[in-house]
Amino acid sequence: FYTYLGDKMKSEKNTVDGNEYDYILSMSVVGGWTRGSLATCVNIPTYDWVNVLAFAAEDLTPGQHSAQWYAEQEINVWLGWQGPIAPERVVLAVPAFGLRYFGIPSNYTWSNLVEYTEYIPYKTICSQYADAPSKSEIVVTDNGGDNSKEVNKIYYNNPALIQTKVDFALSKNLAGMALWSIENDSKEPGASLIKKMNEGLGN
């Protein structure tokens, strides 16, 4: 199917305002145990870029769902044994949303974690907490590490964490970066993740 789709799209032209353009085609892949499902597809030559969605690494212990180590791990896996994909075809995709953990962590299981977590747009976090761009974690209720006590924390990427990922992308000579998704970003220049990303990449 992926081969057929790529061949069909690349044999067509996209007409905009009377001008013809070649189609640019990308494919998004996810991390963790599901990544193997696209391992045979990522090197189909008609796909210009492969977007590695290096986030949504939820755990039963509250923590960052888009940590630096996770982004590096996922990129290295796709550049290495899973693809391997040439770095100039790889785009590191980072999130513009936070993950909130709440309730009592000792009650968390893989089957009920969705009942104790919530995705929140980054722009919403910034609008509710004025100092959000200078942090990567909002602590509403802290349990001091005691999993039998209630917790309420939001984990997210701020401009500083985005810069760290930009530096990593540049060190690996990746094709670029992407933000998932643009409508969830802050429009404030000092808080905007896409602005930080673009500046860091030299765009």
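Residues numbered from 1 in each chain as written. Predicted model: local features only at pLDDT ≥ 70, side-chain atom pairs only at ≥ 80, totals over all residues. Heavy atoms only, no water.

**Student:** Tell me what's going on with the environment of aspartate 7, and back it up with residues and numbers.
**Tutor:** The residue aspartate 7 is located in helix α1 (residues 2-10) in this model. Accessibility expressed as a relative area gives 43% for aspartate 7, which makes it partly exposed. Remark: the alpha-carbon pair of aspartate 7 and tyrosine 47, spanning 40 residues in sequence, is separated by 9.4 Å. (Helix = DSSP H or I, 4+ residues; strand = E, 2+ residues; numbered from the N terminus. Buried < 20%, exposed > 50% of the residue type's maximum accessible area, 1.4 Å probe, protein only.)

**Student:** How would you summarise the environment of asparagine 112 if you had to cite specific residues and measurements?
**Tutor:** Considering the arrangement of structural elements, one finds asparagine 112 in the loop between β6 (97-103) and β7 (117-121). For the pair asparagine 112 and serine 26, spaced 86 residues apart in the sequence, the C-alpha separation amounts to 33 Å. Within the structure, asparagine 112 has its side chain in polar contact with the backbone nitrogen of threonine 109 (distance 2.7 Å). (Polar contact = N/O pair within 3.5 Å; in protein donor to acceptor, adjacent residues only side chain to side chain.)

**Student:** Provide a residue-level description of the nonpolar core, including the pertinent values.
**Tutor:** When a protein is soluble and globular, its nonpolar side chains tend to lie buried together. Formed by 37 residues in total, the largest nonpolar core has its most connected members in Val29 and Leu92. Taken together, the elements giving at least two residues each to this core come down to β3 (26-30), β4 (49-53), α2 (68-79), β5 (90-95), α3 (122-128), α4 (159-171), β10 (176-180) and α5 (193-201). Among the elements that make up this core, the one with the highest residue count is α4 (four residues). Among all residues touching valine 29, those that are not within four sequence positions of it are Leu38, Val42, Val50, Asn51, Val52, Leu53 and Trp78. (Core = buried A, V, L, I, M, F, W, Y, C linked by side-chain atoms within 4.5 Å. Contact = heavy atoms within 4.5 Å.)

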